[in-house]
Amino acid sequence: MATKTGEGFSSSFGAIMAAAGSAVGLGNIWRFPYICGKYGGGAFLLVYIFFVIFIGMILMMSEFVIGRRTGEDPMKAYPKLMHHRPGWKFVGLAGLITCFLILAIYLVISGWTLNYFWESLTGTLAGIADGDFGTHFNEFASSVWRPVIFLVLFLVFTTIVIIGGVEKGIERVSKLLMPILVVLLLVLCVRSLTLEGASAGVAYLFQPDFSKLTGEGILAALGQALFSLSVGMGVMIVYGSYLPVDDNILKTSVWITVCDFAIAILSGIAIFPAVFACGQDPTGGPGLVYQVLPMVFNSLGGIGRLFSIVFFLLLALAALTSAISLLEALTQWLSSEKVGRTASAILMSAAVVLLAVAASLSFGDGIWSGFKLGGMQLFDLLDKLTGTILPPVCALMTILFFGWFMKKDDIIDELSNHGTVKIGYFNVFYYFLARFVAPLALLIVLISGLIN
Ligand code: PFF
């Protein structure tokens, strides 16, 4: 337990569950399958795997090193490693602002998910005719009260876990929810794969089509790799500060990455074969989960309702452990400013709920949809900022700091647990990947994305 407050994970297993809980979320189940299919299936997958291993995992290890070395929140960690030069705190600040914005939009979508879970339970979804799901979603998401009530409810669950503490709240909930999530997902996969005509969905997901892999697709693969692994914005610095002193950072990072990747692939297998088997179009964004899937569930008859309940529960639980990590990053910072943990969690929740409600009211035809910033509705602006722009920018600053400014001896000492663990991979990791491959790849993809 490296932090001043004595908060920390009790074991490497607990740390892996918590960090995998952060990584596995809406990004895996809701976003990955759709963009994988859209940008060329197997072709996209190859690029995605490259980014996950050579940028995402390298960043995760870097953040863990920074976090455990300092035992501080991101705003204090960077200056602490740079002889207290205060300018560096802006790198941490940029990450925390990004966390705040992601959490706001995450709450809106998680609120929708909770509503759909409720509507599956009560049978409302089962009573909707096939052609009406689009209207149902738009009317619901653009209305005033219902989305707000569910997003607040979701935030209340999140805040309660944070108030519970790192070990007794976050670690305990993650250890419970992650295995449940895997079981629910496997059940859905088996059902989806055994439907007649499922193979077209598997082909859509995996068959490489290099003609669909555009520059935009490559940028999407990078954005997705960072977002999905929760790296770049400092959340893994926060969890790194809670890592046990004897935790093997390489092994832990590999486990988290494998879990995250496996769940993304399994989500695709749970969703697309069913979509194709039921003769539906694999559309993207909110459409897939909230408009197409309910239709698929209804066409499965009585068992479909059960699958609908299971699916939306799965999505809500996955979103919960991710939202927890985002709120924890904000709470850790505020509580290190001598505000108690409970008060910090409540204050941060209160601040973020204002933005989340504004984003919800600005969605679709909502009552604030006329309010525009830079020509965009608030929800769309947040989506763009947090989906494609801010994470790569923050990630670039983090990896440049790690590769070019942080002391090499500190990194070696931390990765080797003070010389007790062999780190034969160090030269390749540090001199090749962290200093050159990761920053250059980030820079190239970012610049080409901005030009486009
Ligand atoms: N990794 C989460 C997902 O895939 O849904 C989202 C996320 C959580 C992004 C935490 C960033 C973060 F700091």
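Residues numbered from 1 in each chain as written. Predicted model: local features only at pLDDT ≥ 70, side-chain atom pairs only at ≥ 80, totals over all residues. Heavy atoms only, no water.

Undergrad: Whenever I open this one, the pattern of salt bridges confuses me. Can you help?
TA: Note on pairing: side chains with opposite charge can pair once their charged atoms come close. One pass over the structure, following the stated rule, counts 11 salt bridges. In this structure, arginine 69 and glutamate 414 form a salt bridge, with 2.9 Å as the shortest nitrogen-oxygen distance. Linking arginine 69 in helix α3 (residues 42–70) with glutamate 414 in helix α17 (residues 408–415), this pair joins segments that are 345 residues apart in sequence. The class for arginine 69 is partly exposed, based on a relative accessible area of 26%. Under the relative-accessibility criterion, glutamate 414 is labelled buried at 5%. Its salt-bridge partner being glutamate 171, residue lysine 175 comes within 3.1 Å of it at the nearest N-O pair. In this pair, lysine 175 and glutamate 171 both sit in helix α8 (residues 166–193), four residues apart, roughly one turn of the helix. (Salt bridge = Lys/Arg side-chain N within 4 Å of Asp/Glu carboxyl O. Helix = DSSP H or I, 4+ residues; strand = E, 2+ residues; numbered from the N terminus. Buried < 20%, exposed > 50% of the residue type's maximum accessible area, 1.4 Å probe, protein only.)

Undergrad: Would you take a moment to explain the nonpolar core for this structure?
TA: As a rule of thumb, nonpolar side chains are buried together in soluble globular proteins. Counting residues in each nonpolar core, the largest one holds 165 residues, and the members touching the most others are Trp112, Tyr239, Tyr290 and Phe311. The leading source of residues in this core is helix α14 (residues 302–335), at 19 residues. Not counting the four nearest positions on each side in its chain, tyrosine 290 is found in contact with Trp30, Ile109, Trp112, Thr113, Tyr116, Phe137, Phe312 and Leu315. (Core = buried A, V, L, I, M, F, W, Y, C linked by side-chain atoms within 4.5 Å. Contact = heavy atoms within 4.5 Å.)

Undergrad: Can you help me understand the environment of phenylalanine 379 in this one?
TA: Of note, phenylalanine 379 is situated in helix α16 (residues 378–405). On the accessibility criterion, phenylalanine 379 (6% relative accessible area) is buried. For phenylalanine 379 and leucine 121, which are 258 residues apart along the polypeptide, the C-alpha to C-alpha distance reads 28 Å. In this structure, phenylalanine 379 is in contact with Ile105, Val108, Ile109, Trp112, Ala359, Ser362 and Phe363, ignoring residues within four places of it in sequence.

Undergrad: I tried to follow the packing of aromatic side chains on my own but got confused; where do I start?
TA: Here the distance between the centres and the angle between the planes together describe a pair of aromatic rings. Using the criterion set out here, one finds 36 aromatic pairs in the structure. Considering the side-chain rings of tyrosine 106 and phenylalanine 227, the 6.5 Å spacing of their centres and the 45 degrees angle between planes classify their relative orientation as tilted. Of this pair, tyrosine 106 sits in helix α5 (residues 89–122) while phenylalanine 227 sits in helix α10 (residues 215–229), and the two are 121 residues apart along the sequence. When its relative accessible area of 5% is taken as the criterion, tyrosine 106 is described as buried. Overall, phenylalanine 227 belongs to the buried group, its relative accessible area being 17%. A centroid spacing of 6.5 Å and a plane angle of 40 degrees characterise the contact between tyrosine 239 and tyrosine 242, whose relative ring orientation is tilted. According to the relative accessible area criterion, tyrosine 239 is buried, its value standing at 1%. For tyrosine 242, a relative accessible area of 2% gives the class buried. Taken together, the ring pairs connect Trp112, Tyr116, Phe137, Phe140, Tyr290, Phe297, Phe311, Phe312, Phe363 and Phe379 into an aromatic cluster. Its guanidinium or amino end placed over the ring of tryptophan 404, arginine 435 lies 3.9 Å from that ring's centre, counting from NZ or CZ. (Phe/Tyr/Trp six-rings, centres within 6.5 Å; stacked < 30°, edge-to-face > 60°. Lys NZ or Arg CZ within 6 Å of the ring centre and 35° of its normal.)

Undergrad: Looking at this model, I keep getting lost on the side chain of serine 230. Mind explaining?
TA: Relative to the assigned elements, serine 230 resides in the loop between α10 and α11 (235–241). At 3.0 Å, the side chain of serine 230 and the side chain of serine 22 are in polar contact. Each residue touching serine 230, except ones within four places of it in the same chain, is listed here: Ser22, Ala23, Val235 and Met236. (Polar contact = N/O pair within 3.5 Å; in protein donor to acceptor, adjacent residues only side chain to side chain.)

Undergrad: Can you help me understand the side chain of serine 369 in this one?
TA: By the secondary structure assignment, serine 369 is in the loop between α15 (341–361) and β1 (372–373). A distance of 2.7 Å separates a polar side-chain atom of serine 369 from the backbone oxygen of glycine 366. The residues touching serine 369, leaving out its near neighbours within four places in the chain, are Leu361, Ser362, Gly364 and Gln377.

Undergrad: Quick question: what am I supposed to make of the site of the ligand here?
TA: The full set close to the ligand counts 16 residues, and Ala23, Gly27, Tyr106, Phe227 and Ser230 are the nearest of them. The contact in question runs from an oxygen atom of the ligand to an N or O atom on the backbone of leucine 26, over 3.1 Å. At a separation of 2.8 Å, an oxygen atom of the ligand approaches a polar backbone atom of glycine 27. When the ligand is considered free in solution it has 340 Å² of accessible area, and contact with the protein chains removes 100% of it. Elements that contribute at least two residues to the shell around the ligand include exactly α1 (12–23), α2 (26–38), α5, α10 and α14. Taken together, the residues that form the shell around the ligand break down as eight nonpolar, eight polar and no charged. (Near = heavy atom within 4 Å. Areas by Shrake-Rupley, 256 points an atom, 1.4 Å probe, with all protein chains shown as cover. Nonpolar A, V, L, I, M, F, W, Y, C, P; charged D, E, K, R; others polar.)

Undergrad: What should I look at first to understand the packing of α16 against helix α18 (residues 426–451) in this one?
TA: The N-to-C vectors of α16 and α18 enclose an angle of 155 degrees; their axes lie 9 Å apart at closest approach. Classed by the angle they form, the pair α16 and α18 counts as roughly antiparallel. Viewed along their axes, α16 and α18 form a crossing whose handedness is left-handed. Between α16 and α18, the residues in contact are Pro392, Val393, Ala395, Leu396, Ile399, Leu400, Phe402, Gly403 and Trp404 and Phe429, Tyr430, Ala434, Arg435, Phe436, Ala438, Pro439, Leu442, Leu443 and Leu446, respectively. Here the residues of the contact of α16 with α18 sort into 17 nonpolar, one polar and one charged. (Axes fitted to C-alpha atoms, helices over the stretch in contact; angles between N-to-C directions. Parallel < 35°, antiparallel > 145°, perpendicular 65-115°, else oblique. Left-handed = near helix turned anticlockwise from the far one by under 90°.)

Undergrad: I tried to follow the confidence of the model for the protein on my own but got confused; where do I start?
TA: Caution applies to low-pLDDT parts of the model: their predicted coordinates are not meant to be read in detail. Here the protein averages 92 in pLDDT, while 98% of its residues score no lower than 70. The secondary-structure element of the protein with the lowest mean pLDDT is helix α13 (residues 285–299), recorded at 80, while helix α7 (residues 145–164) shows the highest, at 98. (pLDDT = per-residue confidence, 0-100.)

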